[in-house]
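The residues making up each chain are set out below.
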Amino acid sequence: MEQKNTSTSGEYFAMPRIGDDAPSFKAITTQGDINFPQDYKGKWVILFSHPADFTPVCTSEFITFASQEDEFKALNCQLVGLSVDGLYSHIAWLRTIKEKIDYKGMKNVEVNFPLIEDITMEVAKRYGMIQPGESNTKAVRAVFVIDPKGKIRTIIYYPLSMGRNFDELKRVLIALQTADNFSIATPADWRPGDDVIVPTAGSCGTAKNRMEGKEAGVTCKDWFFCTKKLPKEKVMEALKK
Ligand code: BEZ
């Protein structure tokens, strides 16, 4: 049967979008109850869904998320997982991962971040994680990057068959925080240390000055394409604040 994007009481859920406030919900997790996103005020959050417990791609992802949790925490980012499985399935799966599974040299891995039980699919539907063309009964691999004010800043969806790229998830977090810290934008494939994009000038005078090389440190190829250097050390220093 096709899943409609409605709550159990029939309320229709639109897909959340970048710039929206993260929809709030209360849930039971493997680390106790949470009140989302209120419990995470002042922190970045990656809220992510996986299709099902006891499946191989999800297992490789959980081992990787848990192994890199400290790197996310160093970026002031908390991880919160979700699937439409129940709490006891989550607990049994995470225990099995720790006791039996190793992946790319990562073993004995304990998952310490909360994993939400969502057997009613209420949260998954609210966040557009159930995508019927892919599956009616499982969440796709969604990633919502939510900022310290509770706003959705990036959304990435992957299909059931594809594990996420963790370098990209960290790159997204760093790029968002760098854009906020320095009021710049980041070009294609940007990594800390690469040149950044200076926002288009708000007035003709500023644009003219820039084009004539009169704005210190700013280089323009044309009025709409201006860059400047942003050393990696400055980027990394600002991330710590
Ligand atoms: C997996 O995690 O391996 C998986 C889950 C659902 C469908 C396909 C693969």
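**Digging into the state of the cysteines**
And step 1. Enumeration according to the criterion identifies one disulfide in this entry.
And step 2. Disulfide pairing is shown between cysteine 220 and cysteine 226; the S-S distance is 2.1 Å. Residues cysteine 220 and cysteine 226 are joined through a disulfide that is right-handed, its torsion about the S-S bond being 105°.
And step 3. By relative accessible area, cysteine 226 is classed as buried at 2%.
And step 4. For cysteine 58, which is in no disulfide, the shortest distance to another cysteine sulfur is to cysteine 77 and amounts to 19 Å.
And step 5. Judged by relative accessible area, which is 1%, cysteine 58 ranks as buried.

**Observations regarding the sheet that holds strand β9 (residues 218-222)**
And step 1. Strands sit in the order β8-β10-β9 across an open sheet of three strands; the sheet is antiparallel. In this open sheet, the two edge strands, each paired with only one partner strand, are β8 (196-197) and β9.
And step 2. Taken together, the four bridges between β9 and strand β10 (residues 225-228) define a ladder with antiparallel strand orientation. Of the residues in β10, the one forming a bridge with cysteine 220 is cysteine 226.

**Regarding the packing of helix α5 (residues 166-182) against helix α7 (residues 232-239)**
And step 1. The interhelical angle for the contact between α5 and α7, taken along N-to-C directions, is 90°, at an axis separation of 10 Å. Relative to α7, the element α5 lies roughly perpendicular. In contact with Ile174, Gln177, Thr178, Asn181 and Phe182 of α5, α7 contributes Lys234, Val235, Ala238 and Leu239.
And step 2. Tallied by class, the residues present in the contact of α5 with α7 amount to five nonpolar, three polar and one charged.

**Notes on a nonpolar patch on the surface**
And step 1. A contiguous nonpolar patch, built from Met211, Trp223, Phe224 and Phe225 and spanning about 440 Å² of accessible area, is present on the exposed surface.
And step 2. Tracing the backbone through its elements, the reader meets phenylalanine 224 in the loop between β9 and β10.
And step 3. The class for phenylalanine 224 is partly exposed, based on a relative accessible area of 49%.

**A few points about the site of the ligand**
And step 1. The local shell around the ligand consists of Pro51, Thr55, Pro56, Val57, Cys58, Arg141 and Leu160.
And step 2. Within the contact set of the ligand, an oxygen atom lies 2.9 Å away from a backbone nitrogen or oxygen of cysteine 58.
And step 3. Against a free-state accessible area of 260 Å², the protein chains account for coverage of 78% of the ligand.
And step 4. Sort the elements by how many residues they give to the shell around the ligand and helix α1 (residues 56-67) lands first, with three residues.

**A closer look at the nonpolar core**
And step 1. Formed by 37 residues in total, the largest nonpolar core has its most connected members in Ile46, Phe62 and Phe72.
And step 2. Contributing elements (two or more residues each) for this core: β3 (44-49), α1, β4 (77-83), α3 (87-100), β6 (141-146), β7 (152-158), α5 and α7.
And step 3. The leading source of residues in this core is α5, at seven residues.
And step 4. What phenylalanine 62 contacts, discounting residues up to four positions off in sequence, is Phe48, His50, Trp93, Leu94, Ile97, Val111, Phe113 and Leu115.
And step 5. Val45, Val80, Val123 and Tyr127 belong to the second largest nonpolar core, which has 23 residues in total.

Criteria and thresholds
Every chain is numbered on its own, with residues counted from 1 as its sequence reads. Given that the model is predicted, a residue must reach a pLDDT of at least 70 before its local features are reported, and side-chain atom pairs must reach 80 or more before they are shown or counted; all residues, however, enter totals for whole chains, interfaces and linings. Side-chain metrics rest on all non-hydrogen atoms present in the structure, leaving aside hydrogens and water. The disulfide definition used here is simple: a pair of cysteine sulfur atoms within 2.5 Å. Only protein chains enter the accessibility calculation, which uses a 1.4 Å probe; a residue whose area is less than 20% of its type maximum is buried, one above 50% is exposed, and one in between is partly exposed. Strands pair, by our definition, only if DSSP identifies at least two bridges between them. What counts as a helix is a DSSP run of H or I of at least four residues, what counts as a strand is a run of E of at least two, and both are numbered from the N terminus. Between N-to-C directions, angles cover 0 to 180 degrees, with each direction set by a line fitted to C-alpha atoms, over the stretch in contact for helices. Convention used here: angles under 35 degrees read as roughly parallel, angles over 145 as roughly antiparallel, angles from 65 to 115 as roughly perpendicular, and any remaining angle as oblique. Note on contacts: a residue pair is in contact if any heavy atoms of the two residues lie within 4.5 Å. Charged means Asp, Glu, Lys or Arg here, nonpolar means Ala, Val, Leu, Ile, Met, Phe, Trp, Tyr, Cys or Pro, and polar covers whatever is left, Gly included. Here a patch means residues that are over 30% exposed by relative accessible area and free of salt bridges, tied together within 9 Å if like-charged and within 5 Å if nonpolar (Val, Leu, Ile, Met, Phe, Trp, Tyr). Accessible surface is estimated by sampling points in the Shrake-Rupley manner with a 1.4 Å probe; for residues, cover comes only from the protein chains shown. Whenever a carboxyl oxygen of Asp or Glu lies within 4 Å of a side-chain nitrogen of Lys or Arg, that contact is scored as a salt bridge. Whether a residue is near a molecule or strand is decided by its heavy atoms; if any one of them lies within 4 Å of it, the residue is near. Here a polar contact is recorded for every N or O atom pair within 3.5 Å, except that within protein the pair must consist of a potential hydrogen donor and a potential acceptor, and residues adjacent in sequence are included only if both atoms are side-chain atoms. Only buried Ala, Val, Leu, Ile, Met, Phe, Trp, Tyr and Cys residues count toward a nonpolar core, and they belong to the same one when joined by side-chain atoms within 4.5 Å.

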